[in-house]
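Remarks on the overall topology
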Amino acid sequence: MKKNIFMRLACVVLVLTLLSTCVISGTFAKYVTTNGAADNARVAKFGVVIQADGALFNESYLKATNTPADTGTLSVISNSSDDVVAPGTKNDDGLNFSINGQPEVSTRLDVTIESKNIYLKAGTYAVMVAAPEVSATSWEADKYYTEAAGVYTLSNAYAEDTDYFTMENKVVVADDYYPVVYKADLTTGTVEADSLAAIAADYAKKLNNNVAVAASDSSAISDTYTFTKEYDPNFNYASLNVAGDTLTWEWDFDAAGAGTYDGADTILGDLMAGTLTNAEVVKVDGTIEAPVAGTDSDANDYCLETSFSVNISVTQVD
Amino acid sequence: MKKAGKDIIKSALWVFAAVLTLCIIATGIILGGRLERFLSTKEKNVIELTPNLIEKSDTTQTVERVSSEAAKTTYRQTYFPGFEVEDDKGIWESNTEIEIFKINYKNETGDITVDGMDDKVVAPGTSNIYDFTVKNTGNIPIDYTLSAKVIFSDSELVIPINARFKNYSGKYLVGNEVTLEHISKLDGVTEKATMPQKTNGIYTLEWEWPFETGDDIYDTLLGDTAVDKDIRVTVVINTYAEAEIPETPDTGDGGITLFIIIAAVSFAAIIILIILKKKGEKTDGESYAQEQ
């Protein structure tokens, strides 16, 4: 019995030892830890869209596309050089352009607006018509003119083998005359001022976030506005409120039935016709000679073209 | 009967003596091993005060070397492993959002030139440098693996972002000192290293979307498309760290060797008792036969 006790004791010690070994081996742990981090971002929005719809004249050239490559650029050139503007013509559909978008980046707006309007400077105008049948007996004082080097002079005596001219359609233009009246939105001009120049100035002001812009070049017949404006990220270009300003025009040949400017319209019409048969338009102020056409730098006496061009580009700036 | 009793007592005493002897021997072995380090005159190995991280080329070999160095100068003590990753905003957890990208960016004059309002964005001209630190906060070396992943939401509209990624020793894992590579090169980058206790290392991720990529049309296409559709890039960085705790469990009884010895002694005692029992049975049988 006692041996059995010792036996049992030894067995118990063995078992306990084995159990302890298992427990101890479990405490020899392996340390493991994981960490992770992530970040993501999306591409910032650009999406500036400049669009133009319609045309001012039949010969308008619209260079505006809406492809992804050109959304930030617009160029519209409407030119009347092909005789599409004349007394009695108009365009009610007009031209409309807009700029929209809210880019999440800083941008620079580059603008060039050029306008030119048909114009007749204040003064006295007439048409010198050739008088081939003048003779010594039919010659009259204060009626016939002779021409030398483009200057017409009242003849004070009959001379054989001399070309004589009579002055017809004499008209006094009291104020500078802009027969084509442009209208944009609520803005309506008059024939006595360059309505297109006023509209160009208004567009420039709107694109400059409602701050007036001085013309970089200005004359009686044309104006040019060239400027840049930087806008902060998330500026809403729609707030410039350019959209909705439909530009239209009209050449009211009878001044709403009054016929006030018939003579001036006739002079301009004769000038637009170019070379008249046995006749020539002249300006009768001081010397009697042909009026001088306006240039880009000087309005001079008249301009027979009207045009309107807008160049807008929006570019991200760093 | 009395003789049998005496034999039993005698046998028991022999067993007890044998067991006691074995225990004394075992104790002596164990104590001797522990006391040896106090008696040895050899100079101990010293761990550098400012050790560098050891880059792994052979996992097994490096771990053993570091572990053996630690063991030589480590006395009976509590081991606490620890590993953290942190940046200037705090410690990474399991899925921490970090600031590789920003909501807005400024130019050299301090003006905000890109602003996503409430969203993190990227755009031509944006860039950032992101640093994070891996730290061994414990008192034993740790093996860790760092891995990176890059995901584009649109596989066809790939964002032209370039990047370079530098580890704690200045080695570039993506790009180099002069050149940044497309950020997709970061995808799948992995680094393994062993970090001695109480050390840290800084990783630097730098990216940019060049303002002049030479393809303004594509940049504009991305920006215009982004008006109606999210085009995203995601960067994920994961770390995995592990450590083997040295063989000195905090149990106070000297280690598993003692238990093996006790088990052997117990087993020997059982064998001896069985033998004695057999002898005793034989002796009883002979005595009984004699009495008969």
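For the structure itself, look to the data block above.
The structure displayed is predicted, hence computed values, not measured ones. (Residues numbered from 1 in each chain as written. Chains lettered and ligands numbered in written order. Predicted model: local features only at pLDDT ≥ 70, side-chain atom pairs only at ≥ 80, totals over all residues. Heavy atoms only, no water.)

Considering the overall build of chain B
For chain B, the count of helices and strands is four helices and 15 strands. Across the 292 residues of chain B, 36% fall into the buried class. The long-range fraction of contacts in chain B, counting pairs at least 24 apart against all pairs at least 6 apart in sequence, stands at 75%. Total accessible area computed for chain B in this model is approximately 17,500 Å², and 55% of it derives from carbon and sulfur atoms. (Helix = DSSP H or I, 4+ residues; strand = E, 2+ residues; numbered from the N terminus. Buried < 20%, exposed > 50% of the residue type's maximum accessible area, 1.4 Å probe, protein only. Contact = heavy atoms within 4.5 Å. Areas by Shrake-Rupley, 256 points an atom, 1.4 Å probe, with all protein chains shown as cover.)

Some details on the pairing of strand β20 (residues 307-316) of chain A
All names here are of chain A. The element β20 is extensively covered by neighbouring structure, given that eight of its 10 residues are classed as buried. One ladder, built from 10 bridges, connects strand β6 (residues 107-116) with β20; its direction is antiparallel. By the bridge assignment for β20, threonine 112 is matched with asparagine 311. (Pairing = 2+ DSSP bridges.)

Describing helix α3 (residues 216-225) of chain B
For α3 of chain B, every residue scored as buried is listed here: Asp219, Leu222, Gly223 and Asp224 of chain B. The elements touched by buried residues of α3 of chain B are β1 (30-43) of chain A.

Let's talk about the environment of leucine 146 of chain B
Residues and elements named next belong to chain B. Relative to the helices and strands, leucine 146 is located in strand β9 (residues 142-152). In this structure leucine 146 comes out as buried when scored by relative accessible area, which is 0%. Residues leucine 146 and isoleucine 237 lie 91 residues apart in sequence; the distance between their C-alpha atoms is 7.2 Å. Apart from the residues lying within four places of it in its own chain, the contact partners of leucine 146 are Phe132, Phe165, Val189, Thr190, Glu191, Tyr203, Ile237, Asn238 and Thr239.

Brief notes about the pattern of salt bridges
According to the stated counting rule, one finds 15 salt bridges over all chains in the structure shown. In this structure, the salt-bridge partner of lysine 143 of chain A is glutamate 140 of chain A, at a minimum N-O distance of 3.7 Å. By relative accessible area, lysine 143 of chain A is classed as partly exposed at 34%. By relative accessible area, which is 41% here, glutamate 140 of chain A ends up partly exposed. The closest approach of N and O atoms between lysine 120 of chain B and glutamate 97 of chain B, which form a salt bridge, is 3.4 Å. Within this pair, whereas lysine 120 of chain B is found in the loop between β6 (112-115) and β7 (121-122), its partner glutamate 97 of chain B is found in strand β4 (residues 96-97), the two being separated by 23 residues in sequence. Classification of glutamate 97 of chain B as exposed rests on a relative accessible area of 61%. Because the salt bridges share partners, they merge into one network encompassing Asp39 of chain A together with Glu97 and Lys120 of chain B. (Salt bridge = Lys/Arg side-chain N within 4 Å of Asp/Glu carboxyl O.)

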